[in-house]
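Examination of the molecular architecture
Spelled out from the first residue to the last, the chains are:
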Amino acid sequence: GGEPWSTAGAQIGDSIVLTKWDALEGSTLLARDRPDALSILGDEQTMVAHWLDHPGISVVAEGEVLRSFPIHAAHDPTEGGVAQGIHELANCSGVAIEIEAEALPVKSATRMLCETLCIDPLGLLASGALLFAATPNVASGAIQALREAAIEASIIGVVHAGSGVTLRSEDGLV
């Protein structure tokens with residue numbers, strides 16, 4: 001289908017998928033602009049500084065891969081990061097979303113930057129990633145197709161009846 005996806009449309013039982021990884025753009029900007037980025041990241045600073053170029057912050061490639069899948073809802077989590085994007089999916093769809101903390105793809109360089117600078121990676125600019133909701137079977141097929149196109153993707157949560165967003169870790173609710 002050629003119709004754009006809506007943020008409103010996630011359905012109870014859907015899987016929530018994130019392409020690429022959390023804080024892609026925010027990590028890159030910190031690596032490029034912070035004078036202490038080299039001391040924090042060491043050899044990884046150059047790689048992180050180039051994430052804006054590769055993989056880049058466009059989600060057109062994801063759209064091309066996913067256009068034939070029945071996606072219920074999608075959102076490009078730019079301002080406010082992945083956290084805000086998940087809240088917008090839940091609010092606009094009138095559902096609750098539970099996210100598994102351990103399933104969130106956060107690069108080690110992003111973790112180092114955020115821990116050193118006391119920043120929550122879920123709130124950093126996440127341009128370049130795409131959040132979407134689809135049935136578990138569709139999500140699995142979509143992830144396989146994305147990976148065949150060299151685009152990382154992970155199921156990070158599930159849609160429930162209710163409202164709001166819950167972040168669950170192995171230790172319980174966060």
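Worth saying up front: this structure is predicted, and the values here are computed from it rather than measured.

A few words now on the overall build of the protein chain. Per the secondary structure count, the protein chain includes eight helices and seven strands. For the protein chain, with 174 residues in total, the buried portion stands at 47%. In the protein chain, once contacts between residues fewer than 6 apart in sequence are set aside, the share between residues at least 24 apart is 86%. Surface exposure of the protein chain reaches about 8,200 Å², of which carbon and sulfur atoms provide 53%. Counting 8 positive and 23 negative side-chain charges, the protein chain places the averaged centre of each group 3 Å from the other.

So, on to the pairing of strand S3 (residues 96-100). By the criterion of burial, S3 is predominantly enclosed, with four of the five residues buried. In this sheet, strand S5 (residues 153-160) lies alongside S3 in antiparallel orientation, the contact comprising four bridges. If you follow Glu98 over to S5, its bridge partner there is Val158. The pairing of S3 with strand S6 (residues 164-169) spans five bridges and is classified as parallel. In the strand pairing of S6, Glu98 is matched with Thr166.

For the rest of this paragraph, the subject is the packing of aromatic side chains. Between two aromatic rings, the relevant description is the distance of the centres plus the angle of the planes. For the structure on display, the rule yields one aromatic pair. Consider the rings of Trp21 and Trp51, whose centres lie 5.0 Å apart with planes at 65°: the pair is edge-to-face. Of the two residues, Trp21 is situated in the loop between strand S1 (15-19) and helix H1 (24-33) and Trp51 in the loop between helix H3 (45-49) and helix H4 (52-56); the sequence distance between them amounts to 30 residues. The ring of Trp21 has Lys107 lying over it, and the distance from NZ or CZ to the ring centre is 4.3 Å.

The omega torsion across His54 and Pro55 is 15°, close enough to zero to call that bond cis. With respect to the helices, strands and loops of the structure, Pro55 is situated in helix H4. Phi angles above zero are rare outside glycine, and Lys20 is one such case at about 55°. Note on placement: Lys20 falls in the loop between S1 and H1. Classification of Lys20 as buried rests on a relative accessible area of 5%. One non-glycine residue, Cys118, lies in positive phi territory at about 55°.

With respect to the secondary-structure elements, Thr19 resides in strand S1. Here Thr19 falls in the buried class, since its relative accessible area comes to 0%. Considered as a pair, Thr19 and Leu38 are 19 residues apart in the sequence and their alpha carbons are 27 Å apart. In this structure, Thr19 is in contact with Glu62, Gly128, Ala129, Leu130, Phe132, Leu146, Ile151, Glu152 and Ala153, ignoring residues within four places of it in sequence. Side chain to side chain, Thr19 and Glu62 meet in a polar contact 2.9 Å long. A polar contact is formed between the side chain of Thr19 and the backbone nitrogen of Leu130, at a distance of 2.8 Å.

Reading guide: rules and limits
- Residues numbered from 1 in each chain as written.
- Predicted model: local features only at pLDDT ≥ 70, side-chain atom pairs only at ≥ 80, totals over all residues.
- Heavy atoms only, no water.
- Helix = DSSP H or I, 4+ residues; strand = E, 2+ residues; numbered from the N terminus.
- Buried < 20%, exposed > 50% of the residue type's maximum accessible area, 1.4 Å probe, protein only.
- Contact = heavy atoms within 4.5 Å.
- Areas by Shrake-Rupley, 256 points an atom, 1.4 Å probe, with all protein chains shown as cover.
- Lys, Arg positive; Asp, Glu negative; His and termini not counted.
- Charge placed at Lys NZ, Arg CZ, Asp CG, Glu CD.
- Pairing = 2+ DSSP bridges.
- Phe/Tyr/Trp six-rings, centres within 6.5 Å; stacked < 30°, edge-to-face > 60°.
- Lys NZ or Arg CZ within 6 Å of the ring centre and 35° of its normal.
- Polar contact = N/O pair within 3.5 Å; in protein donor to acceptor, adjacent residues only side chain to side chain.

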